[in-house]
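Spelled out from the first residue to the last, the chains are:
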Amino acid sequence: ALLVLENFIGGKFVPCSSYIDAYNPSTGDVYCRVPDSGKEEVEAAVKAAKDAFPIWSSKSPLERSQILNKLADLIEHDLEAFAQAESKDQGKTITFARTVDIPRAAYNFRFFASSILHHVTECTEMATMGCVHYTSRAPVGVAGLISPWNLPLYLLTWKIAPAIACGNTVVAKPSEMTSVTAWMMCKLLEKAGVPHGVVNVVFGTGTKAGEALVCHPDVPLISFTGSTLTAQRIMEKSAPHCKRLSLELGGKNPAIIFDDADLNQCISTTLRSSFANQGEICLCTSRIFVQRGIYSEFLKRFVAEARKWKTGNPSDPTVDMGALISKEHLEKVRNYVKKAQAEGARILCGEGVDSLSLPSGNQKGYFMLPTVITEVKDESCCMQEEIFGPVTCVVAFDTEEEVIKRANCVKYGLAATVWSSNVGRVHRVAHRLQCGLVWTNCWLVRDLNLPFGGMKASGIGREGAKDSYEFFTEVKTITIKH
Ligand code: NAD
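Conventions adopted
- Residues numbered from 1 in each chain as written.
- Predicted model: local features only at pLDDT ≥ 70, side-chain atom pairs only at ≥ 80, totals over all residues.
- Heavy atoms only, no water.
- UniProt positions renumbered as here; feature names shortened; annotations may be inferred.
- Helix = DSSP H or I, 4+ residues; strand = E, 2+ residues; numbered from the N terminus.
- Buried < 20%, exposed > 50% of the residue type's maximum accessible area, 1.4 Å probe, protein only.
- Contact = heavy atoms within 4.5 Å.
- Pairing = 2+ DSSP bridges.
- Axes fitted to C-alpha atoms, helices over the stretch in contact; angles between N-to-C directions.
- Salt bridge = Lys/Arg side-chain N within 4 Å of Asp/Glu carboxyl O.

Digging into the UniProt feature "active site" (unreviewed entry) in the protein
Here the UniProt feature "active site" (unreviewed entry) sits at Glu248. Tracing the backbone through its elements, the reader meets glutamate 248 in strand E12 (residues 244-248). Look at glutamate 248 and you get buried, because its relative accessible area is 4%. Sequence-distant contacts of glutamate 248, that is, excluding residues within four places in its chain, are made with Phe224, Thr225, Gly226, Phe452, Gly453, Gly454, Ser458, Gly461, Arg462 and Glu463.

Points about the UniProt feature "domain: Aldehyde dehydrogenase" (unreviewed entry) in the protein
When the UniProt feature table is mapped onto this chain, "domain: Aldehyde dehydrogenase" (unreviewed entry) is found at residues 18-478. Strand forms 21% of residues 18-478 and helix 42%; the C-alpha atoms that close the span are 50 Å apart.

Examining the sheet that holds strand E19 (residues 415-419)
The seven strands are arranged E15-E16-E17-E14-E13-E19-E20 in an open sheet whose pairing can be described as mixed. Since the sheet does not close on itself, it has two edges, and those belong to strand E15 (346-349) and strand E20 (437-440), each with one partner. Going across the sheet, the axis of each strand differs from the next one's by a mean of 25 degrees, ignoring polarity. Where strand E16 (residues 371-374) and strand E17 (residues 391-397) come together, four bridges link them in parallel fashion.

A short note on the pattern of salt bridges
Scanning all chains against the criterion turns up 27 salt bridges. One salt bridge connects lysine 92 with aspartate 101, and the closest N-O pair in it is separated by 2.8 Å. Like aspartate 101, lysine 92 is buried. Of the charged contacts in the structure, one is a salt bridge between lysine 310 and aspartate 316, with a shortest N-O distance of 3.5 Å. We classify lysine 310 as partly exposed; its relative accessible area is 37%. What makes aspartate 316 partly exposed here is its relative accessible area of 25%. Each of Asp73, Glu76 and Arg110 takes part in a single network of salt bridges with overlapping partners.

What follows is the structure in structure tokens.
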């Protein structure tokens, strides 16, 4: 039997008049039907959110905090069911869903439940004028939240948690390709004590449900994570309403490896940063610059390790890499490898080089092997465009100055990793890289207190304890003369 999802509006599950198919990426089968919502459903959800706003926004931060913590408890309690669902829906390995996606989704609520209690506003005194000034912050209203398919519940809750912690109510639209865990979360809201209408979830496509939300006059802020192309469309569509936008977009992230790097640590981490979650993380490394002196050794060892990665049935806990999200996406990623080949690059392992053997139940799934490309020019589309799959390019460099220039010569600016044991160099390079996040001698170590986001075509705005608080509240400066 197919799993049939329903929208969650005003605290109730409501069926939709039409549905779209969702596929299990590891088998290629349709297994779920997702509401194909449009203006009407978005209208109902925005109304429910507006109605709930006065009560929710007037609760104390402590009351909201307790509810968020309860929701975190409930997600943690059902962690295994959520992880199974995320892996089936998205194609990611069960191990990744169990250890990254779902724990982080629960932690997003726990983190903002705590951080909302610790903000202080500003105050200045102007004694000569007999005045004090202070700022106050208030929730904005109904927040529109739109998320992508790569880390479904993880990224959706990264928006819902700060939005409601600040006292807003929300209408969320997950990706039409990965809607199941958001729907499962809706089942827990009442038990957690989230009042009806505070969190509404409308399922459907970007062009129908997403645009209806972006264009709705009663939704003054939109937090979006997804592609740069969609973000451009969202900016256009929301421009007539001058909406407040937070945009977390794509990346073309470099790893810069100097010849004094600890190669053991660097190779194992760079494998993860290139291929974790099938390379479908906005922070994944896809351009690896290696200093000339260690280039051959790095390449040899990196390719040998990439070949050891096990690709297969995502529900097998020994598998390192699962299926890509869709048939179309797999084709797109494969096409990049073909283009590189046509340009004269060398494919050292993976696509077109090694053969992939899959269990009988996964023959129609959207799998490909970790692929390493070399002898590729900086101008190549494989070095310029976001591929968002298990494909990474490795090239050599000579000097610090040169590599900074080459790392910066893309339109994106999300994240970078720098590998070196020279502290001075690490700082120098980090300061000069055009990106919102720099990890040195590590990858994906996050403190949610600090700003997350990109520059250039990778986004506008940052998210984090203070940044999300500022985005999801409206500030006012008040002057008192005594
Ligand atoms: P996408 O832009 O196609 O879709 C993202 C969301 O926007 C989906 O829910 C989609 O339905 C919706 N959408 C699509 N068109 C819309 C429109 N016209 N109006 C309103 N909503 C619309 O992105 P995707 O393919 O789902 O996700 C992959 C992209 O997301 C990659 O580029 C990746 O780098 C990026 N990403 C960025 C971050 C980050 O934090 N910077 C994190 C994860 C993913």
